[in-house]
Each structure stands twice: as structure tokens, then as C-alpha cells.
Amino acid sequence: MSHLLEVKNLKTYFKLNDQTVKAVDDVSYHVNEGEIVAIVGESGSGKSVTQYSGIKLIPQSAEIVSGEVIFEGSDLLKYKENSEEMRKVRGGKIGVIFQEPMTSLNPVLTVGEQIMESVMLHKQFSRKRAKERAVELLNMVGIPDAQERVNHFPYQFSGGMRQRIMIAMAMSCDPKLLIADEATTALDVTTQAQLLELLKDIVKRTNTSIILVTHNLGIVARYADRIYVMYAGRIVESGENKDIFIKPKHPYTIGLLNSVPRLDDPKDRKLIPIEGLPPDLANKPKTCSFLDRCPFKMEACEYSPAPQLVEVDKGHYVSCYADIKGNDWNLKFEEEFASASEQVIMKKEWKSKENNGVILEVQNLKTYFPFTKGIFNRKIADIKAVDDVSFKVYKGETLGLVGESGCGKTTVARSIIRMYEPTDGKIIFNGTDIAKMSKRNLKNIRKNMSLVFQDPSSSLDPRQKVFNIIGEPLIINKLVDSKKELHERVEELMRLVGLDPNLKDRVPHEFSGGQRQRIGIARALASNPSFIVCDEAISALDVSIQAQIINLLEELQEKLGLTYLFIAHDLSVVRHIADRVAVMYLGKIVEIGDWKSLYDNPKHPYTKALLDAVPIPDPLIEEQREHKVLKGEVPSLLSRPKGCVFSNRCPIATDECREMDPPLSVEENGHGVACIKV
Amino acid sequence: MGAFIIKRLFQTIAVLFFVTLIVFMIIQILPGDPAQTMLGADASQEQIQKLREELGLNDPFIVQYFNWAAGVIGGDLGHSIFYKETVINLMSSRFPITLTIGISALIVTVIIGIPLGVIAAVNRGGAIDSVVVVLSNIGIATPNFWLGILGVYFLSLKLGWLPVQGYVSPFTDPIGGLKTIIMPVLVLAATTIASVMRQTRSAMLEVIHQDFIRTARSKGLKERFVIIKHGLRNALIPVITLLGLQLGNIIGGTVLIEQVFNIPGMGSLLVSSVFMKDFIVVQACVLVIAVLVVFANLFVDLAYRLIDPRIKYN
């Protein structure tokens, strides 16, 4: 049987400043009809460019050097970028779902118009018929009131809804192939689960093939039939889903699997990061690209040309000289790795930090923002971003704060450090209430608490040297007496977070993402704080780098006795790092407890739904799991449901729930739930 | 939106009040006496005093202003001291001329500036782009009266293609009229074309790298369609803002251009009235210009909404 899509020896290079960046370097793969194929890789691995080369959606600086992209028997690379034939394939036979739902739709055209133009072009439908088709498609992807919503503009939809519209658009002309490029990465877990189930359903019904381009191994394990793993512009391993997850052969694949925390991990599992950075694609070595980071490298690897893909099992291809086989790979890997890197720390058995005493106690915290309207900007309502939240943080522990976007977790953090003024409630830090403290008195307290931000590239001033970035808190808080001391302290901080002090005169853009986050952490540590808020501190990083930063945070906690408030949306990461976890929904804490009782025995229906939605990077486990999908979307803070905030989406809600706001009732072991049904 | 328009109209009244008050004040401060000007150098002090009394020039400044303003509200723009005619009459022949030239300049700006800006952006770094960038720099740097003088020298005096000066209405004599206004309009529009071109180019450059343009391409739409339907509409907001601002320049520019080409429009009326200290006419001209600019900006704000549905008026 011939394949629907067959890519042979594709090479796509970028020409940048006289350098040739080999973004896609001799890549071959195929997709069969009705198949879900995953292309897995980290940023810069070339996974997206590979997909866009075939349909000529690549930037002008990119050039397809050689190769064939055979789709339904004809070579797409023969067609010019804007030729009739190419445009028939693009949108007509191959649909694309892009990553950013917020920017991928045209803001000034109605969603209906954007779907209709495709249908009118490829199917020659009249305007009237095209509109009917648009409504039908919106219904198919689960947009309520499609008849009316078809005339709305993208800004009137939530992120998840926009991605549904994107899917409707890509599906509008019944394509044979859908390319989903990190299509669910920007979405919350429950929305992500909804959309992936939708896509899977579409494949089943229409026999469309899907290429899932992603870095999320959990998604791959749950949905893909076959997998290609890409690294530095090449495919390093490919095979059936189970081959890759159960018998991975390439050190990079093994490394990826070891660096990701999983929902079913034992708590003392250490994350094994892949040390180092991917190679510079403009000066790629002639040898294996993974050589510098590979714990399995042999002497021969240093002298041999880059290895080719070899079939090691039926349908399972690997490009590696080292023959890693059998069940002992994990053992060997850990052994080799542990000796190669001192940063790997063995986690001790977990125990509660309650006896250490309380460092922070938040009592009935409310942070409201005014919602104004009209000529005189009258306040007509309060946006209750944080509504009556109470919790304690014990010294030396990590409290994880999880929830989907808009749940108020970041507002809680910013209220605690008084970046936002709390409307009401107490914030008792080390015994003093700072909720209403004057700015001047606050200054003395502030140096004891600091923040690590989400986006390491935008939260560092691009024009300042690392020395100034890290040194600033030292100077402001008068923690150093002399220039010499300042230099010493900055160097010490850089060493502490694993940066070379010789780089202190560089500016942020000369560092990689992971290194920049290290700078951010060093800055947070400068004033010797005892309490650090990590606001999605690792979510912008690639998985192999994430593990490095998680390990660093854990190591620093051990060394310096730090307390973390760790805000994240990734439940697996929080489970790995946190001692206790609080789950927020619409400005309220719905469940709180130590990690074990919360993850092993979740009580609130929302917590259960969140955990169900997180895929586990293991196809055998995924096969056993029932994929329950939480319906609906997080409502707006202005139209908060009556009674329990979760009542309109809750599978077990009754009339009682829609009337009474359940209090957070805490059991003896500290596990609290705000639900009257448990 | 209704509330927004009402709010803006109130603002407009305030703007008109201050603009006319300030101009009134400046005219008063300037040396020279309109009564003296009217009666000529030989007039006796007595005659002058008598005329001043008649014209109300002896009243305190603020009383004069409110007398004038009350007249305007009642629909009376007053009498010209110099022309001995009602201002309305004076304006009725000149205002249409200025309006014709101004609106033509605006239309020319839009139909030349925006397409060239788009073409330059799409062919960034290419030959057309370089030409457009150089032209727009020249256009912005060249004072338009000088461009007018150059045009008259070459096109009229040397080549004899166009009349040197004067004005014939294109509504009564299309060909002759066109010949008289083509040069003033192009000269007037030169700077605005240049800045609109530049703004369109940079706005388009930003827009064509947006994700939704890639989405549009992924649908297989024709490139021209992608650029115009998906690109240009998103790039228009800053261009329209600029057009609103340029309208003030165009109206201000007519004052100069009408001098250069000797066109009997409102600009030349304004200039001669300032010299004559014919403050009633000056006031009326300023009022009309201010009303034009203020309303043009209101239309710009309303146009935003048509282009970008996300813009709400608050």
C-alpha cells in the first residue's frame, strides 16, 4: 500500500547572516491514511519547519535544498509556492492547526467569514451554502449557538474556543491530512483533553490522518500510533508508539523520558536532565549531533560520521552506534549519568514540614479589581480575582498552587508580595500582618521574599549586564559594603545557580532559555530571602531544560532552607516538587492537602477532572485509563455561578450545590475540600 | 456609541471655544488698528474714534469676543471690515475652492500612498521598496511651497504644460479645471503621500509577519487576497490615525499653496485678512478650519470601529 504522505530526504536550510542553518537535515518519514503520527522534539529541533516545507509555508529566508514530499502520488516540492496546484493542496487537502489560538485568527474578520473563504475557494460553494457549512462545522467542533456565533469576531471567544474554530477551519474542506503544530500547547489541561479527544474522534469518523507536532510526551503516548523523535534537524528514532516508550533505543529518547516528571512517579524519583544544550545548527558537527550530551558515547562516536537510521526491530529505527538493549538500559543510564553529573540529587523520603512552624499565613484574602463602564468610568462590579482564600505555608516546604488560567493563582502570589493591593484579609509573614503595611515598612520585609518569573526572556532587562541584574537587589537593600564585596557576592550567586561567573558582563540574550532562568533565580536569591514565589517558573522551558531547573530549585531549597510557593499549571511537575498542594478554581481554593493524599485520593470533582486530563507518557498506562473529559469552560469572573463555583461544570452537582457556597472543610491530616458532596 | 458621539460633541464645543478665544486674543495683541486701515492714512483721530465705537472696538476684549460668539451662534459670522461684505458671502465663493483642493489632496494621498506602501512592504528590500523609501524621505524633507515653485518653473514656464497660476472650477470646466488644480493638489499632497506611504509600509511589515497571515496562506488563498483582505485591513488603523493628523497639515498647507498658485481660496483670504487686521474674517476662517479638523478627527475615531471590531468607545 502506498502512503498518503511520504517525505524523502528533505533538507531545508535557513540563510542567516552568511550562515547556513540546517534546520531540517535529511529527514524521511511517512504517514498512512487514518493514522495519527507524532513528531516529537524540543524547540529548534526542526519539527515544525519539516511540516511546513512540504506545503511551502516556510519563511523567505528558508530554502528547500533537496528531497521529495510525495502526497497522493505527486511531489509537492515541484509546485511553486503560490501556484494553483500548491494552493489546491494547501487548505484543500492538507489543513493546518497552529499553536497560538490567540494570534492565529484574523482579529478583524468574523470567524464565519474566515471559515467560509476556504470553502468558497476549494469547494466553489456559494456564500449562502458556505455559511451553512460554517455553522455545520462550528457545531461539529462543539461551539454552542453556532448559528449566532458564526457572526462573531475572534476576540469574543476564549482561547479554547478559538482553537476549536481553528480546527473547524482546517477541517472545512475535508482534507486528507491535518497538521496539528503544538495545537494544544497554549491551552489548559482540561481544554487540551477536550480538543485532543475531538481530533481523535474526527480521525475515526472521517479517516483523516493527523500529524501531531509536539513536545509533550504524555499527549504522544495517549494519542499517537507511530512516533518520530527529532533532534537537531534529524530524526533520531522512529517506531510504533509502544516501541518508543517501552523499548527506547536512542539516548536522546531515553533522556527525554527520564527528564519528565510523571503523575505516576514515585515521589523520590529523581529527574535526570539532559545536560548541556543542543548544537548550533549553523555549525553542526560531522559526527552525531547528540554526542556532546550523550552519556552513552563511545570512543568510536567521536570519529565516526553521524549515524544513519537502522532498523533494530520490525518498524523500529534508531540512529545510534551504541547498542542499548534489554531491560538494563535504565540502570546503565542512571549509573552513567549519576557519575557524569554531580547535580543529580537523590531525593530523601518525603516527610511533612509542619513541625518547622509557619512562615506565611494567608487569612481570608480577597483581591478585587473594579470593572468600570460608561462615560464616567463608573464602577459597576467587582472582578473577584481572589475571593476569600486562606492557607498556611510551613518553613522549608514547597506549596504548589495549581489551577487553570484565570483561576487567580498568580493574583494570590502578587497579592502576597503586595504587587497587587489586597482588598481584604490578612497576610501574616513571619508573625507580622503585611496586608495593610505601609510601603516604607514593607521595604524591610520585601527583601525576605522574592519572585521568579515565567518568561526568562522578557523578565530580564535586555540592556543590562548579568552583573547589574543580579547585583541590583544587593545594592537596593544595602547588603554589601564595598564594590569588592558586591562582585564577590554576585560571583557567588552565579556559582550557586550553576552559571560561570566569568559571564557576568554579558547581556541576557547571549544566554540560552535555561541559563536565563538561572539568572532570574540568582536575582531572586540575591537579597537572601527565606521565601520565594515561583510563578510558572519552568513552564516556558523545554522539557530537558525543565528538569535542570527543577533540580536546581530543589537543591537550593536543601542548601539554603528556602520556602517556595510554586505556581504552575503542570500537575505532574507540581506533584514532583511540592510538599503540599492547593487547587484553585475561579478565585477560590477548592482543595488543599499534602501531595500524597491530594494526588492519591483527590476528593473535589474539579481536582479529579484535572488529574484525569493529564496524560501520562506511558502507552500501557494510557490504555488502561478511562478518558473522562470535563465539559464546558471556566466561566468569566463576572458571571460566577451561584453557590459552588464549580457547580455548572460539575458531574455530581445537585440543586443544593447551586445554592450553597461550600466552605473549605479541613480534615485532621490537613486535607481540605470545598464540596458538600464528599 | 451614541454616548461616545455626544461626549465628543461636547469636547468639540470646548475645543472651538478655546481655539477662537486664543486667536481673538492674538489678533488684539498684534500692532495696527483696523479702523485706521479702513479709513486710510489721512483719516482724523475723530473719524477713527467714531468708527471704533461703531465697530465695538472700544469695548473690553472679552465683551468683544462674546459679542462675536453670540453672533456666530445666531448664524451671523459678521461683516468684513476690509471687503465691506458679509463674511458668509466672502466664504461662500472661497470655501468650496479650498475644500476641492483639500479633499482632492486627501484622495490622492490615499490612492497613491497606501498602495505604494503595501507594495513596498511586500517586496521588502527589493527595488520598488528602495525607490519608495527614498521617495518618501524626499517627500517628507521637501517643503511643499518650494516644490510648488519648482513645479511652476518646469511644468508651466519651461514646458508650458500647465497654467502658471489661477483657478478654474473643475465642476464647470473639467479639463481646464483639472489643469489648474493638478499641480496645487500634488504639491499639497506630496508630504502626506510620503508619510502615509511610510506608515503603511511599516504597519504592513508588522502585519505580514503575524500568525494569522500564515493561517490565511495555509488555507490556499491567493497571495494578493491574503495581503489585501487579511493584511491591509489590520494595517489600516495607524494609517487612518495618520490621515486624521495629516488633514490638519493639508488644511494648513492650503494657506501656503493658495499663495504660491494664486488661488482665491480660504487660505489666501485668511492671509490677506491677517495683514489687514480684518479680525472678523480671521476669526471666521479659523472657526471653519477648527470645525473641519475636529470633525475629521471624530470621523477617524468612528472609522476605527468599522475597521477593527475590537475597538470599543468608552
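Numbers given to residues run from 1 along each chain, matching the order in which its sequence is written. Chains carry letters and ligands carry numbers; both start at the beginning, A for chains and 1 for ligands, and go up in the order they are written. It should be noted that, the model being predicted, local features are given only for residues of pLDDT at least 70 and side-chain atom pairs only at 80 or more, the latter also being counted only at that level, while totals for whole chains, interfaces and linings use all residues.

Draft legend 1. Molecular detail of the overall build of chain A. Strands here mean DSSP runs of E at least two residues long; helices mean DSSP runs of H or I at least four residues long; both are numbered from the N terminus. When its secondary structure is counted, chain A shows 22 helices and 24 strands. Against the 2.2 N^0.38 benchmark of 26 Å for 678 residues, chain A shows a C-alpha radius of gyration of 26 Å, consistent with a compact globule. Note on burial: count the other C-beta atoms lying within 10 Å of the residue's C-beta; 20 or more is buried, 12 or fewer is exposed, in between is partly exposed, and C-beta positions come from the backbone. Per-residue burial over chain A gives 48% buried out of 678 residues. C-beta atoms are first placed from the backbone for all residues, and any pair lying within 7 Å is then listed as a contact. Here the contacts in chain A between residues at least 6 apart in sequence split such that 67% fall between residues at least 24 apart. Note on method: radius of gyration uses C-alpha positions; expected globular size equals 2.2 Å times residues raised to 0.38.

Draft legend 2. Region of the structure containing the UniProt feature "domain: ABC transporter" (unreviewed entry) in chain A. UniProt positions are given in the numbering used here, feature names are shortened, and annotations may be inferred rather than shown by experiment. Cross-referencing UniProt, the feature "domain: ABC transporter" (unreviewed entry) maps to residues 5-257 and 360-611 of chain A in the present numbering. For residues 5-257 of chain A, the helix share is 38%, the strand share is 28%, and the end-to-end C-alpha distance is 28 Å.

Draft legend 3. View of the UniProt feature "domain: ABC transmembrane type-1" (unreviewed entry) in chain B. Per the UniProt record, the feature "domain: ABC transmembrane type-1" (unreviewed entry) sits at residues 95-300 of chain B. Helix makes up 83% of residues 95-300 of chain B and strand 0%. Its end C-alpha atoms lie 22 Å apart.

Draft legend 4. Representation of the packing of helix α1 (residues 2-29) of chain B against helix α12 (residues 279-307) of chain B in the model. All names here are of chain B. Lines fitted to C-alpha atoms define the axes, with helix axes restricted to the stretch in contact, and inter-axis angles between N-to-C directions lie between 0 and 180 degrees. α12 packs onto α1 with a crossing angle of 150 degrees between their chain directions and a minimal axis gap of 10 Å. One element, α1, and the other, α12, form an angle in the roughly antiparallel class. Of the two elements, α1 crosses α12, and the hand of that crossing is right-handed. Mapping the contact onto sequence places Arg 8, Thr 12, Val 15, Leu 16, Val 19, Thr 20, Val 23, Phe 24 and Ile 27 in α1 and Phe 279, Val 282, Gln 283, Val 286, Leu 287, Ala 290, Val 291, Val 294 and Leu 298 in α12. Gly is put with the polar residues, along with every residue not named as nonpolar or charged; the nonpolar set is Ala, Val, Leu, Ile, Met, Phe, Trp, Tyr, Cys and Pro, and the charged set is Asp, Glu, Lys and Arg. Class assignment of the residues belonging to the contact of α1 with α12 gives a composition of 14 nonpolar, 3 polar and 1 charged. Oblique is the label for any angle not covered by the other classes, which are roughly parallel (under 35 degrees), roughly antiparallel (over 145) and roughly perpendicular (65 to 115). Each crossing gets its handedness from the near helix: less than a right angle anticlockwise from the far helix is left-handed, clockwise is right-handed.

Draft legend 5. Quick look at unusual backbone geometry. Residues and elements named next belong to chain A. Within the chain, Lys 56 stands out as a residue other than glycine whose phi angle is a positive 55 degrees. Examined against the element boundaries, Lys 56 turns out to sit in the loop between α1 (47-54) and β4 (62-71). A positive phi is found at Asp 145, a non-glycine position, where the angle reads about 55 degrees. Here Asp 145 shows up in the loop between α4 (127-140) and α5 (146-149). Classification of Asp 145 as exposed rests on a count of 10 C-beta atoms within 10 Å.

Draft legend 6. Representation of the interface of chain A and chain B within the structure. Contact residues are listed per partner, giving 23 residues for chain A and 22 residues for chain B. Elements supplying a minimum of two residues to the side of chain A that touches chain B: α2 (84-89) and α3 (111-123) of chain A. Counting residues per element, the side of chain A that touches chain B draws most heavily on α3(A), which supplies 4 residues. When the residues that make up the side of chain A that touches chain B are grouped by side-chain class, the tally is 10 nonpolar, 8 polar and 5 charged.

Draft legend 7. Structural detail: the sheet that holds strand β2 (residues 19-31) of chain A. Residues and elements named next belong to chain A. Sheet architecture is open: 4 strands sit in the order β2-β1-β4-β5, paired in antiparallel fashion. Each of the sheet's edge strands pairs with one partner strand only, and the pair in question is β2 and β5 (74-75). Pairing between strands is defined by DSSP: at least two bridges between the two strands are required. Direction of pairing for strand β1 (residues 5-16) relative to β2: antiparallel, over a ladder of 10 bridges. The residue bridging Leu 10 from the neighbouring strand is Val 27, located in β2.

Draft legend 8. Region of the structure containing helix α7 (residues 189-206) of chain A. End to end, α7(A) covers 26 Å across 18 residues, agreeing with the expected 26 Å (1.5 Å per residue, within 8%). A:Val189, A:Thr190, A:Thr191, A:Gln192, A:Ala193, A:Gln194, A:Leu195, A:Leu196 and A:Leu199 are the residues of α7(A) that are buried. Helix span is expected to be 1.5 Å times the residue number reduced by one.

Draft legend 9. Molecular detail of the pairing of strand β20 (residues 563-568) of chain A. Residues and elements named next belong to chain A. When you tally the buried positions in β20, you get 6 out of 6 residues, the bulk of the element. Of the two faces of β20, the one lined by Thr 563, Leu 565 and Ile 567 and the one lined by Tyr 564, Phe 566 and Ala 568 are each fully buried. Two strands pair when backbone bridges link them, and strand β19 (residues 531-535) and β20 are joined in this way by 5 bridges, in the parallel orientation. Note on β20: the bridge partner recorded for Ile 532 is Tyr 564. Handedness of the β19-helix α18 (residues 543-560)-β20 crossover: right-handed. A clockwise course of the path from the first strand over the helix to the second, judged with the strands pointing away from the viewer, identifies a crossover as right-handed.

Draft legend 10. Broad picture of the environment of A:Asp424. Within the secondary structure, A:Asp424 sits in strand β16 (residues 424-429). Spatially, the C-alpha atom of A:Asp424 lies 32 Å from that of A:Lys478, the residues being 54 residues apart in sequence.

Draft legend 11. Up close: the environment of A:Gly95. Residues and elements named next belong to chain A. Tracing the backbone through its elements, the reader meets Gly 95 in strand β6 (residues 94-97). Overall, Gly 95 belongs to the buried group, with 29 C-beta atoms counted inside 10 Å. It is 9.8 Å that separates the C-alpha atoms of Gly 95 and Ala 168, two residues lying 73 residues apart in sequence. Excluding residues that lie within four positions of it along the chain, Gly 95 makes contacts with Ala 170, Met 171, Pro 175 and Leu 178.

Draft legend 12. Looking closely at the packing of helix α10 (residues 251-259) of chain A against α18(A). Residues and elements named next belong to chain A. Their axes nearest at 9 Å, the elements α10 and α18 cross at an angle of 45 degrees. Considering their axes alone, α10 and α18 lie oblique with respect to each other. Here α10 runs over α18; the crossing is left-handed. Mapping the contact onto sequence places Gly 255, Leu 256 and Ser 259 in α10 and Val 543, Ser 544 and Ala 547 in α18.

Draft legend 13. Summary view of the pairing of strand β7 (residues 177-181) of chain A. All names here are of chain A. In terms of burial, β7 is a largely internal element, 5 of the 5 residues being buried. Neither face of β7 is exposed, since Leu 177, Ile 179 and Asp 181 on one face and Leu 178 and Ala 180 on the opposite face are all buried. Here 4 bridges tie β6 to β7, and the two strands are oriented parallel to one another. Bridging across to β7, Ile 94 finds its partner in Leu 177. As paired strands, β7 and strand β8 (residues 209-214) are joined by 5 bridges and run parallel to one another. Of the residues in β8, the one forming a bridge with Asp 181 is Val 213. The parallel pair β7 and β8 is bridged by α7, and the resulting crossover is right-handed.

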